[in-house]
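# Architecture at a glance
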Amino acid sequence: SGDRCGQILARQVKASARTRSIPVIQIVGRNTSLEIHGPEHVQPDEVVVRPIHIPELMVRIHTMHRIQRYQAEVVEGSRIDPLTAAFTRSYMLERLAYELRRADRYGRSLALALVDVDHLDKVNEAQGALAGDLLLREVARVLSSRVGGVDMVARSGDDEFCVVLPETSLLVARTVGERLCVAVREMASTSPEQETSISASVGVVGMPHPDIHEVPDLLRRAREAGVRARKE
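This write-up is about the structure you can find in this document. Numbering of residues starts from 1 in every chain and runs along the sequence as written. Given that the model is predicted, a residue must reach a pLDDT of at least 70 before its local features are reported, and side-chain atom pairs must reach 80 or more before they are shown or counted; all residues, however, enter totals for whole chains, interfaces and linings. Values reported for side chains reflect all heavy atoms of the structure, with hydrogen atoms and water molecules removed beforehand.

## Looking at the sheet that holds strand E5 (residues 160-166)
- DSSP-based pairing: two strands are paired if at least 2 bridges between them are found. A run of H or I in DSSP counts as a helix once it spans at least four residues, and a run of E counts as a strand once it spans at least two, with each numbered from the N terminus. The 4 strands are arranged E4-E5-E3-E6 in an open sheet whose pairing can be described as antiparallel. Of all the strands in the sheet, the pair left with one neighbour each is strand E4 (152-157) and strand E6 (200-207). On average, each strand axis in the sheet is tilted by 20° relative to the strand beside it, whichever way the strands run.
- Where E4 and E5 come together, 5 bridges link them in antiparallel fashion. For Arg155, the partnering residue across the bridge sits in E5 and is Phe161. The axes used here are C-alpha line fits, helices contributing only the stretch in contact, and every angle between their N-to-C directions lies in the interval 0 to 180 degrees.

What follows is the structure in structure tokens.
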């Protein structure tokens, strides 16, 4: 019957990871026996019994769209740092793990640049925490404007940003790191209200690498490169 086919289709839509987020309203006859089995996530979101009352149906559809938008905003909010609008550390680690597995399995290039804003504490002491926050926000904007569309800028610490560079060799990544350092230094010359000179230290590491197979290995190597950069 049509109701039986509708139940099967609804379960198929909700069972697939690609279509699970699509709201599903199943319309059934008054005497239809609903087959509720399996996990909750494979069930339709709403069941409407015929005869259909169009105004009520439209209210339910509108409500489901509002819930979907809210859920999307929650997911997006968990990925974006509220201060700098860069990606969050947690989302960066998730993305970095994926890119590392792909690079390790297929022998592809992957680079990581850790950008450490120098002397942020001096800015906070001299001009206040608000000035430090504004500085971090501007650094994030500048970094994002200097990398490609597939690259990722995330705030990985209080004064540290992580730039994930897929399909990028170490040689190219070092050039990118130098460009980012210059861009941060130039912030002071374009901002008259900035009383403290700004600079950044960048540690760059790339794959393939014989000793890097996990995200902590990659981050450790990048931080070690950053320490060396600050000493130079």
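## Some remarks on the packing of helix H4 (residues 120-127) against helix H5 (residues 129-145)
- Between H4 and H5, the least distance of the axes is 6 Å, while the angle of their chain directions is 140°. Classified by the interaxial angle, the pair formed by H4 and H5 is oblique. On H5, the residues that touch Leu120, Val123, Asn124 and Gln127 of H4 are Ala129, Ala131, Gly132, Leu135 and Leu136.
- Residue composition of the contact of H4 with H5, by class: 6 nonpolar, 3 polar and no charged. The cut-offs work like this: below 35 degrees is roughly parallel, past 145 is roughly antiparallel, 65 to 115 is roughly perpendicular, and the gaps in between are oblique. Residue contacts are defined here by distance: any two heavy atoms, one from each residue, within 4.5 Å place the two residues in contact. Polar here means any residue outside two lists: the nonpolar Ala, Val, Leu, Ile, Met, Phe, Trp, Tyr, Cys and Pro, and the charged Asp, Glu, Lys and Arg; Gly therefore counts as polar.

## Section: the nonpolar core
- Grouping buried Ala, Val, Leu, Ile, Met, Phe, Trp, Tyr and Cys residues that are joined through side-chain atoms within 4.5 Å yields what is termed a nonpolar core. Only protein chains enter the calculation, and the probe is 1.4 Å; a residue is then buried if its accessible area is under 20% of its type maximum, exposed if over 50%, and partly exposed in between. Residues Val115, Leu135, Val139, Leu143, Phe161 and Val163 are the most contacted members of the largest nonpolar core, which totals 31 residues.
- Secondary structure elements with two or more residues in this core: strand E3 (110-117), H4, H5, E5, helix H6 (170-189) and E6.
- If sequence neighbours within four positions are ignored, Leu143 has contacts with Val115, Val153, Phe161, Leu180 and Val184.
- By size, the runner-up hydrophobic cluster in this structure holds 20 residues, among which are Leu114, Met152, Cys162 and Val215.

## A closer look at the pattern of salt bridges
- The salt bridge criterion pairs a side-chain nitrogen of Lys or Arg with a carboxyl oxygen of Asp or Glu, the two atoms within 4 Å. Counted by the stated rule, this structure contains 10 salt bridges.
- Between Arg102 and Glu167 there is a salt bridge; the shortest N-O distance is 3.0 Å. Residue Arg102 is located in helix H3 (residues 89-106), and its partner Glu167 is located in the loop between E5 and H6; the two are separated by 65 residues in the primary sequence.
- A salt bridge links Arg221 to Asp211; its shortest N-O distance comes to 3.2 Å.

## Examining the pairing of strand E1 (residues 25-28)
- Alternating residues of E1 divide into Gln26 and Val28, all buried, and Ile25 and Ile27, none buried.
- Of the pairings in the sheet, the one linking E1 to strand E2 (residues 46-49) comprises 4 bridges and is parallel in character. The residue of E2 that forms the bridge with Val28 is Val49.

## Some thoughts on unusual backbone geometry
- Across the junction of Met207 and Pro208, the peptide omega takes the value 10°, indicating a cis bond.
- Take Pro208: it is sitting in the loop between E6 and helix H7 (215-231).
- If you check the backbone angles, Ala85 has positive phi at about 70° while not being a glycine.
- With respect to the element layout, Ala85 can be found in the loop between helix H2 (54-79) and H3.
- Its relative accessible area of 58% is what places Ala85 among the exposed residues.
- Even without a glycine there, the phi angle at His119 is positive, about 60°.
- Along the polypeptide, His119 turns up in the loop between E3 and H4.
- On the basis of relative accessibility, which here comes to 45%, the residue His119 falls in the partly exposed class.

## So, the packing of H3 against H7
- At their nearest, the axes of H3 and H7 sit 10 Å apart, and the two run at 105° to each other. Compared by their axis directions, H3 and H7 come out roughly perpendicular. Packed against H3, whose contacting residues are Arg89, Leu93, Leu96, Ala97 and Leu100, the element H7 presents Val215, Leu218, Leu219 and Arg223 at the interface.
- Among the residues forming the contact of H3 with H7, the class breakdown is 7 nonpolar, no polar and 2 charged.

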